[in-house]
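Geometric and topological summary
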Amino acid sequence: MKKTYFLLFVCFFLVGIQSLLAQTPKKIIVEYSDFADINQTEIPDAFLLTGNVRINHDGAILTCNKAYYFQKENYVKAFGNVQMVQGDTLYLNSKYAEYNGNIKQAYATGNVVMRSPEMSLATDTLNFDRNNQQAYYRTNGTITNKDNVLKSKSGRYYAKEKKFQFLTAVTITNPKYVVKSNHLDYYNNSGHSYLFGPSTITSKDNFIYTEKGFYDSKKNVGHFLRKSYIKYKDRRIEGDSLFYNRNKEFASATNNVKITDTINKGIIKGHYAEIYKQKDSMFVTKRAVAINLVDKDSVYIHGKVLMVTGKPDNRIVRAYNNARFYKTDMSGKCDSIHSSQKTNITQLIGKPILWNFDNQMTGDVMHLIGNDATEKLDSLKVLNNVFGIKRQPRHRL
């Protein structure tokens, strides 16, 4: 029994020693300098190193023109052409730097540039914590990553994840667009951006607003949530969830969709929509309804599917599968509706029924014809198997 206790004691003792050794900071090693001196008057308790100074600490190499090495504090102050290299992948250059070997933290100022194979960061002052591999700055910084240039007032870089986090006034400038946000997470390798809070993406073709979104700068696609909308010159797209492909000029919206035609003052609503900008077309489904202004009155067109195609002057609206329409003085239903902006003819196709006050009319096909000059409905044509009925008012005896 005593032997067992003794063995356990030895094991715990060895583990404790290893833990203490692991926690003991490694000493800074001066590998080379052209000259070394001790000047108690100028720099008490420090070695003065000048000319091609090279210092090593736990895998990081620091070079400079001049350094003060405080051996007891395990601390270095470096001057002139300062460079710190970590693992041949992360380079930190500056005019002046300080390095604390006990806590493995570096401070650099004066034309600071941090580089890796994927990016470069330029700022005035930078702090780098080697323990958690994080660098942060509170002065204006510029990050260059291939075609993207990021500028912000402050930021933090996570070396392991190759991720930047910005919490104040960040701008990403790309040849095709500009992103602005106050909270953005950006990943160097993938080119992914995560937007939080009021954010915008501006290009010559459109304007995107979101308060929570994602954008892939390599594939040029984005997904946007929370108060998001896409605004073109002639329309605005809103929805609980928006998807956008810049290369194809394609957008889709899901739930509480609202598409506003800013030229013709029309609105289309539904719960799913696809918009093809290059083809000037869209289709909307799931409780789809189109609202247009005709004769100073709103006309509502409903169908299981609504399709809108063509330029504004030659636009065609189609509604099919149990289509219906309504305005103050007229309403109707049929299998499908075809409305042409160019000809000002709205066709009711497939068992159409039309109501106008106390009148009801049916036929094989109906044409509602508008007048360009007055912007009013001018006439009605009913083709084949025409039947009309009028309800007579009741007379009291």
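This structure is a prediction, so every number in the text was calculated from the model and none was measured.

**Quick look at the packing of aromatic side chains**
One pass over the full model with this rule turns up 14 aromatic pairs. Each ring, one from Phe 79 and one from Tyr 96, has its centre 5.1 Å from the other, and the planes form 50°; the classification is tilted. Of this pair, Phe 79 sits in strand 5 (residues 75–86) while Tyr 96 sits in strand 6 (residues 90–100), and the two are 17 residues apart along the sequence. Residue classification places Phe 79 among the partly exposed positions, given a relative accessible area of 26%. Centroid distance Tyr 209 to Tyr 229: 5.6 Å. Interplanar angle 20°. Geometry classified as stacked. Separated by 20 residues along the polypeptide, Tyr 209 in strand 17 (residues 207–216) and Tyr 229 in strand 19 (residues 229–231) bring together distant segments of the chain. Residue classification places Tyr 229 among the buried residues on the basis of a relative accessible area of 16%. Geometry around Phe 79 places Lys 66 over its ring, the cationic atom sitting 5.6 Å from the centre. Above the plane of the ring of Tyr 229 lies Arg 236, whose end atom (NZ or CZ) is 3.7 Å from the centre.

**Concerning the nonpolar core**
Among soluble globular proteins, nonpolar side chains are generally buried collectively. Within the largest apolar cluster, 75 residues are counted, with the highest numbers of intra-cluster contacts made by Met 114, Phe 166, Ile 237 and Ile 259. Not counting the four nearest positions on each side in its chain, Phe 166 is found in contact with Tyr 137, Ile 143, Leu 150, Ser 152, Ser 154, Gly 155, Asn 182, His 183, Leu 184 and Tyr 186. In this structure, Ala 46, Leu 48, Tyr 68 and Phe 70 belong to the second largest nonpolar core, which totals five residues.

**So, the pattern of salt bridges**
For the coordinates displayed, the defined rule picks out 13 salt bridges. One salt bridge connects Lys 104 with Asp 58, and the closest N-O pair in it is separated by 2.8 Å. With a gap of 46 residues between them, Lys 104 in the loop between strand 6 and strand 7 (105–115) and Asp 58 in the loop between strand 3 (47–57) and strand 4 (60–70) connect regions that are remote in the sequence. Looking at Lys 104, the relative accessible area reads 18%, which means it is buried. Residue Arg 315 pairs with Asp 261 through a salt bridge whose shortest N-O separation is 2.7 Å. Residue Arg 315 is located in the loop between strand 25 (297–309) and strand 26 (316–327), and its partner Asp 261 is located in strand 22 (residues 250–261); the two are separated by 54 residues in the primary sequence. Of the two residues examined, Arg 315 and Asp 261, each falls in the buried class.

**So, the environment of Ser 181**
Within the secondary structure, Ser 181 sits in strand 15 (residues 177–187). Here the alpha-carbon distance between Ser 181 and Val 170, two residues 11 residues apart in the chain, equals 5.5 Å. When neighbours within four sequence positions are excluded, Ser 181 is seen to be in contact with Ala 169, Val 170, Leu 195, Phe 196, Pro 198 and Ser 199. Polar side-chain contacts of Ser 181 include one of 3.0 Å to the backbone oxygen of His 183. A polar contact of 2.8 Å, which involves the side chain of Ser 181, links it to the side chain of Ser 199.

**Some details on the side chain of Ser 193**
Looking at the secondary structure, you find Ser 193 in strand 16 (residues 192–202). Beyond its immediate stretch of four places on either side in the chain, Ser 193 contacts Ile 172, Leu 184, Asp 185, Tyr 186, Gly 213, Phe 214 and Tyr 215.

**What to know about unusual backbone geometry**
A positive phi angle is found at Glu 249, which is not glycine, with a value near 50°. Mapped onto the fold, Glu 249 is located in the loop between strand 21 (241–245) and strand 22. Residue Glu 249 is classed as buried on the basis of its relative accessible area, which comes to 8%. The phi dihedral of Asn 344 falls on the positive side, at around 60°, and the residue is not glycine. Following the sequence through the fold, Asn 344 ends up in the loop between strand 27 (330–340) and strand 28 (345–349). What makes Asn 344 partly exposed here is its relative accessible area of 22%.

**Observations regarding the pairing of strand 12 (residues 155–158)**
In this structure, strand 9 (residues 134–137) lies alongside strand 12, joined through four bridges in antiparallel fashion. In the sheet register, Tyr 136 faces strand 12, and the bridge partner there is Arg 156. Of the strand pairs in this sheet, strand 12 and strand 13 (residues 163–166) are connected by three bridges, and their pairing is antiparallel. Looking across to strand 13, one finds that Arg 156 is bridged to Gln 165.

**Points about the confidence of the model for the protein**
Summing up the model confidence of the protein, the mean pLDDT is 86 and the portion of residues at 70 or higher is 90%. Contacts from residues 1–22, a stretch scored under 50 in pLDDT, to residues over four places away or in other chains number zero contacts.

The rules behind each value
- Residues numbered from 1 in each chain as written.
- Predicted model: local features only at pLDDT ≥ 70, side-chain atom pairs only at ≥ 80, totals over all residues.
- Heavy atoms only, no water.
- Phe/Tyr/Trp six-rings, centres within 6.5 Å; stacked < 30°, edge-to-face > 60°.
- Helix = DSSP H or I, 4+ residues; strand = E, 2+ residues; numbered from the N terminus.
- Buried < 20%, exposed > 50% of the residue type's maximum accessible area, 1.4 Å probe, protein only.
- Lys NZ or Arg CZ within 6 Å of the ring centre and 35° of its normal.
- Core = buried A, V, L, I, M, F, W, Y, C linked by side-chain atoms within 4.5 Å.
- Contact = heavy atoms within 4.5 Å.
- Salt bridge = Lys/Arg side-chain N within 4 Å of Asp/Glu carboxyl O.
- Polar contact = N/O pair within 3.5 Å; in protein donor to acceptor, adjacent residues only side chain to side chain.
- Pairing = 2+ DSSP bridges.
- pLDDT = per-residue confidence, 0-100.

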